[in-house]
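The chain contents come next:
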Amino acid sequence: MPEWLLKDENYQPLPDRDTFIDKSILSLLRILSRIRAQSGYTGGKYSVHAPWKVAGTFLLIVLLSLSRNLWFLAAVGAYLLAALSMMPAERILRILKTGLVIAFFSFLVLLPSFFMGNRYSLVMIPLKTLATVTAVGILSHTTGWHCVTGALKSFFIPDIFIFVLDITIKYIVLLGELSLDLFYSLKLRSVGKNTGKYSSLSGIAGTLFLRSKEMAEDMYSAMECRGFTGSYRVRRRFRFTAADFLYVMVHAAFIAIFVYLG
Amino acid sequence: MIELNDVSYSYEGIPALKHIGLRIEKGESVALMGVNGSGKSTLLKLLNGIIFPDGGEYRFAGESITRKKMQDPVFSKRFHQRIGFVFQNSDTQLFCSDVYDEIAFGPRQMGMDESEVEKRVEDCLALLNIRDFRHRQPYHLSGGEKKKVAIACVLALNPEVLVFDEPLNGLDPRTQRWFVSFLIQLHESGKTLISSTHDLEMVQEIAGRAVLFDENHTISADKPAQELLEDTELLKKANLIDEYYHRHPGSGHQHFHIHPF
Amino acid sequence: MHIPDNYLSPATCAALGAAVVPVWAVSVKKVKKEITRAKMPLLGIGASFSFLMMMFNVPLPGGTTGHAVGGTLLAILLGPFSACISVSVALLIQALFFGDGGILSFGANCFNMAFVLPFVGYFIYKFIKDRVRSEKGEYLGIVIGSYIGINAAALCAAIEFGIQPLLFRDAAGQALYSPYPLSVAIPAMLIPHLLVAGVVEAAFTAAIFAFIKKVSPGTIYEGAKEKSKAVYGLLAALILLTPLGLLATGTAWGEWGADEIGEVVSNGKALGFIPQGMQNGFSFEAMMPDYSVGGIPEVAGYILSAVAGVAVLLIVFKIVSSLKKNTHGVHE
């Protein structure tokens, strides 16, 4: 045993500006907890099937974007609020928080244009943004990942693309946990002044990349062992329930309102 | 050295630790035992200041470790220097492009001059018997070699407390033996060791004391390792062993054993 | 640089979406040929890598942090075609599940960040590397390529923003989408990218490349040796021409009269009807209520406020009771 290891270190650290570690940890944690929560979402008894939801949300977003009428926005807003009110509180909070933050940011960005004489955008764009983000939030907070990606199949999106999307989500979790641990390790070992922050960070990213590549190769071998030949089929059963019918009617009504109000 | 008073922690509503009380003195070697998911790893994260208790208090060397205190960079860096963590998966611990830089990462940060850094790195390389890997890339080493590099880079900080998460996982039997004797050596040189494990053989060799976690995320036993291992009823209750488990009667040690000294 | 919805007109979004589709098609074809089936999962895993890269906070001078996009890096590591697909998938997940970037503007975001960024970055990298044949040349290529790549993407985004007020105004002259003209949008987007984001991107790209090259040099994309020039020349031309084309098609779109709009193809579907508001023109004053104007019957207004009111009450009630539960949980 070397001498230095036998006695306690008498060491006074110098402060260092390394908030990037904590910030990266936070954003990774946010992503991971979001994905974990998402994988548990099942529709419940009265749920609308995912393809309708995806189509309906897309329709609303298009109409919102085209509309110039505050009343149309108000109608969509009332509908979104009603849909929100049927969800559990913590999801409502998450959805509203995202929407409000983005809408407020929009408002700040557009504020200068108000003084250039643009009153329309200052009101309409943040409101539309709030509505759009809320609509997407409701979709993604009530529908599991695989239902959404599976729904894309109904819109003639190639299977291979859906396959890639599914792998991506899975590996965001795996690789996200790996990078989270790498950041923890960097944090625990950052006991002083790090003069090579970029090389530490690029070490993490580089390790992540190499690991990704290895995982991809392993995955293909595993798929081939299970009989994968290069094409991937997504299966979906078509059902149409009362909830679906109601959902479709509500959205058809929005088209009517849109045409009526413009 | 370490004091946990009524500590609880949960992941998004799912409890991982419930009302844990634990005291570990300087120079002790403690093994944390329990089935997968009983909260061992969570406790190790908490001890290292990666997560903070939802309820109760964690004190390290007399100082309460809280999220707020750890936001002070000087305090947190000093804390991290005094307690070192060897992750279960060494892959997640290594991010430098060669072994030398990996081990030198800590000492360099501590403001040592390069000759001192070199001495430390060389000592660590020698201690772990990995001198030949000096200029290899950690990424391409084997599992056992990676583990050694990970330990070396924690050791280079000269922490007072060393925490190991499942240190024997994924190592071949020979490396496991080497590792056990290395831990004994570390303990004898005055380090405080905390290891989580479900390897019952290892417990009795390296740890004077064993703490058993049950599936309810609480501590169900805390006694000398030898005593705990003999209490098969308790181990069964914690689901660590089943009815087929038996220890060879008479001698306590029936397996291969290397005495380092 | 993630453009949210409602800043670009649906027409612009459709035009950019239409511009990306052939890029995707070519990329898929190229990827299939280049990396063989054996590496197909790489696309998904590359996408997750790209997604996570955008989560990394890069330290900036002064202790603050910024983000890198990593488009050029991926193009250098996996090839530009794989990078295009990987970044697109990462952007789709961000838009669908994290509210980062819009749904309609997905095409625009892909155009900027999954097409322009990696291809420009890679093209410049390759151009420099092929001419300065040394290690220095390679790193010079990486730094300049990634720096210009991200700035080119930012410029495209700025142009997309900037043409909105030129093309899409109501009768009262109010901008309908992003209100800032090119003279504001370009400096607003480019100055921070030239000064900060570009530097971060270049430094990060070079550092990661150096790490990977040292640790595992075999994993870096080699690229097709032959006829790359023609392809890149074509791409460069395409990139240069697209903003112009966009401006041209956009003008046409913006200038449609109300009678033509029934035939407008928007997002791949004919609208098939004439928004009434367009026929009557639009006036901001008319939109702000005394609660019975704007073309909505009084009864409908009441119903609307009733629905919204009940929903708001329910939401408030739920949130308040959940907060109560949480505080109880902590104190117990």
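These numbers come from a predicted model, not from an experiment.

## What to know about the overall build of chain A
Right, on to step 1. Within chain A, the secondary structure is distributed over 10 helices and 0 strands.
Right, on to step 2. The order of α-helices and β-strands along chain A, N terminus first, is α-α-α-α-α-α-α-α-α-α.
Right, on to step 3. Taking 18 Å as the expected radius of gyration for a compact globule of 262 residues, we find that chain A reaches 24 Å, considerably beyond that expectation.
Right, on to step 4. Counting only C-alpha atoms, chain A reaches 85 × 60 × 30 Å along its principal axes.
Right, on to step 5. In chain A, which comprises 262 residues, the share counted as buried stands at 48%.
Right, on to step 6. The contacts in chain A between residues at least 6 apart in sequence include a share of 83% that link residues at least 24 apart.

## Let's talk about the overall build of chain B
Right, on to step 1. The helix and strand inventory of chain B stands at 10 helices and 10 strands.
Right, on to step 2. Here the C-alpha radius of gyration of chain B, 19 Å, is about what a compact globule of 261 residues would show, namely 18 Å.
Right, on to step 3. The principal-axis extent of the C-alpha atoms belonging to chain B is close to 55 × 45 × 30 Å.
Right, on to step 4. Across the 261 residues that make up chain B, the buried fraction comes to 42%.
Right, on to step 5. Across chain B, every contact between residues at least 6 apart in sequence was considered, and the portion connecting residues at least 24 apart equals 67%.

## Description of the interface of chain C and chain A
Right, on to step 1. Residue-level contacts link 75 residues of chain C with 80 residues of chain A.
Right, on to step 2. When contributions to the side of chain C that touches chain A are tallied by element, the ones reaching two or more residues are α2 (41–53), β1 (57–59), α4 (80–98), α7 (182–215), α9 (276–280), α10 (284–287) and α11 (298–331) of chain C.
Right, on to step 3. For the side of chain C that touches chain A, the element with the highest residue contribution is α2 of chain C, accounting for 12 residues.
Right, on to step 4. Partitioned by chemical class, the residues of the side of chain C that touches chain A number 51 nonpolar, 19 polar and 5 charged.

## Some thoughts on the sheet that holds strand β6 (residues 83–86) of chain B
Across a sheet, strands are paired by hydrogen bonds formed along the backbone, either parallel or antiparallel in direction.
All names here are of chain B.
Right, on to step 1. Within the open sheet, the 6 strands sit side by side as β6-β7-β8-β3-β9-β10. Their pairing is mixed. Two strands lie at the open edges of the sheet, namely β6 and β10 (219–224), each paired on one side alone. Strand-to-strand, the axes of this sheet are offset by a mean angle of 15 degrees, without reference to chain direction.
Right, on to step 2. Note: strand β3 (residues 29–33) against strand β8 (residues 192–197), 5 bridges, orientation parallel. The residue of β8 that forms the bridge with Val30 is Ile194.
Right, on to step 3. Its contacts with the sheet put helix α6 (residues 143–155) on β6 and β7 (161–165), and the angle it makes with β6 is roughly 170 degrees.

## Section: helix α4 (residues 70–85) of chain A
Right, on to step 1. Helix length check: α4 of chain A (16 residues) gives 22 Å between terminal C-alpha atoms against 22 Å at 1.5 Å per residue, within 8%.
Right, on to step 2. By the criterion of burial, α4 of chain A is predominantly enclosed, with 13 of the 16 residues buried.

## Concerning the pairing of β7 of chain B
Residue and element names in this part refer to chain B.
Right, on to step 1. The buried fraction of β7 is high, at 5 of 5 residues.
Right, on to step 2. Here β7 shows two buried faces, one formed by Val161, Val163 and Asp165 and the other by Leu162 and Phe164.
Right, on to step 3. Note that β7 and β8 share 5 bridges and pair parallel. Bridge pairing links Leu162 to Leu193 in β8.
Right, on to step 4. You can see the chain leave β7, run along helix α7 (residues 173–188) and come back into β8, and the turn it takes is right-handed.

## Examining the sheet that holds strand β4 (residues 55–60) of chain B
Right, on to step 1. Strand order in the open sheet made by the 4 strands is β2-β1-β4-β5 (chain B), with antiparallel pairing throughout. Whereas interior strands pair on both sides, the edge strands pair on one side only; in this sheet they are β2 (14–24) and β5 (63–64) of chain B.

## Some words on the packing of α4 of chain C against helix α5 (residues 106–131) of chain C
Residues and elements named next belong to chain C.
Right, on to step 1. Contact geometry for α4 and α5: axes closest at 9 Å, N-to-C directions at 150 degrees. Judged by the inter-axis angle, α4 sits roughly antiparallel to α5. The interaxial crossing formed by α4 with α5 has right-handed handedness. For the pair α4 and α5, contact is made by Pro80, Ala83, Cys84, Val87, Ser88, Leu91, Leu92 and Ala95 and by Phe106, Asn109, Cys110, Met113, Ala114, Phe115, Pro118, Phe119 and Tyr122, respectively.
Right, on to step 2. In the contact of α4 with α5, the residues fall into 15 nonpolar, 2 polar and no charged.

## A closer look at the environment of Ile191 of chain C
Right, on to step 1. Topologically, Ile191 of chain C is positioned in helix α7.
Right, on to step 2. Each C-alpha atom of the pair Ile191 of chain C and Ala11 of chain C lies 27 Å from the other, and the pair is 180 residues apart in sequence.

## Describing unusual backbone geometry
Residue and element names in this part refer to chain B.
Right, on to step 1. Residue Asp6 is not a glycine yet carries a positive backbone phi of 55 degrees.
Right, on to step 2. Along the chain, Asp6 falls in strand β1 (residues 2–11).
Right, on to step 3. The phi angle at Ala61 is positive, at roughly 50 degrees, despite the residue not being glycine.
Right, on to step 4. Classification of Ala61 as partly exposed rests on a count of 15 C-beta atoms within 10 Å.

## Focus: the packing of helix α3 (residues 50–66) of chain A against helix α7 (residues 145–152) of chain A
Residues and elements named next belong to chain A.
Right, on to step 1. α7 packs onto α3 with a crossing angle of 75 degrees between their chain directions and a minimal axis gap of 8 Å. In terms of their interaxial angle, α3 and α7 are classed as roughly perpendicular. Here Ala50, Pro51 and Val54 of α3 lie close against α7, whose contacting residues are Cys147, Val148, Gly150 and Ala151.

## Digging into the pairing of β3 of chain B
Residue and element names in this part refer to chain B.
Right, on to step 1. Across the 5 residues that make up β3, a large majority, 5, are buried.
Right, on to step 2. Residue alternation in β3 divides its side chains into two sets, Ser29, Ala31 and Met33 and Val30 and Leu32, and both sets are buried.
Right, on to step 3. Pairing between β3 and strand β9 (residues 209–213): 4 bridges, direction parallel. Residue pairing for β9: Met33 is matched across the bridge by Leu212.

## Structural notes on the nonpolar core
Right, on to step 1. Val76 of chain A together with Ala152 and Val163 of chain B are the most contacted members of the largest nonpolar core, which has 241 residues in total.
Right, on to step 2. Excluding anything up to four places from it in sequence, Val163 of chain B contacts Leu44, Leu47, Asn48, Ile83, Gly84, Phe85, Val86 and Ile194 of chain B.

## A few points about the environment of Leu96 of chain A
Residues and elements named next belong to chain A.
Right, on to step 1. Mapped onto the elements of the fold, Leu96 is located in helix α5 (residues 89–115).
Right, on to step 2. When the 18 C-beta atoms within 10 Å are taken as the criterion, Leu96 is described as partly exposed.
Right, on to step 3. Residues Leu96 and Gly203, spaced 107 residues apart in sequence, show a C-alpha to C-alpha distance of 37 Å.

## Focus on the confidence of the model for chain B
Residue and element names in this part refer to chain B.
Right, on to step 1. Averaged over every residue, the pLDDT of chain B is 86; residues scoring 70 or more account for 94%.
Right, on to step 2. Counted against residues more than four places away or in other chains, residues 250–258, with its pLDDT under 50, gives 6 contacts.
Right, on to step 3. In the predicted complex, the global pTM is 0.80; the interface-specific ipTM is 0.85.

## Observations concerning helix α9 (residues 197–225) of chain A
Right, on to step 1. Here α9 of chain A is 29 residues long and its end C-alpha atoms lie 42 Å apart, about the 42 Å a rise of 1.5 Å per residue gives.
Right, on to step 2. Positive phi shows up at Gly227 of chain A, right after α9 of chain A, with a value of about 95 degrees.

## Looking at the environment of Ser183 of chain C
Right, on to step 1. With respect to the helices, strands and loops of the structure, Ser183 of chain C is situated in helix α7.
Right, on to step 2. With 169 residues separating them along the chain, Ser183 of chain C and Ala14 of chain C place their C-alpha atoms 24 Å apart.

Scoring rules and cut-offs
- Residues numbered from 1 in each chain as written.
- Chains lettered and ligands numbered in written order.
- Predicted model: local features only at pLDDT ≥ 70, side-chain atom pairs only at ≥ 80, totals over all residues.
- Helix = DSSP H or I, 4+ residues; strand = E, 2+ residues; numbered from the N terminus.
- Rg over C-alpha atoms; globule rule 2.2 N^0.38 Å.
- Buried ≥ 20, exposed ≤ 12 C-beta atoms within 10 Å, placed from the backbone.
- Contact = placed C-beta atoms within 7 Å.
- Nonpolar A, V, L, I, M, F, W, Y, C, P; charged D, E, K, R; others polar.
- Pairing = 2+ DSSP bridges.
- Axes fitted to C-alpha atoms, helices over the stretch in contact; angles between N-to-C directions.
- Expected span 1.5 Å × (residues − 1).
- Right-handed = clockwise from strand over helix to strand, strands pointing away.
- Parallel < 35°, antiparallel > 145°, perpendicular 65-115°, else oblique.
- Left-handed = near helix turned anticlockwise from the far one by under 90°.
- Core = buried A, V, L, I, M, F, W, Y, C linked by C-beta atoms within 7 Å.
- pLDDT = per-residue confidence, 0-100.

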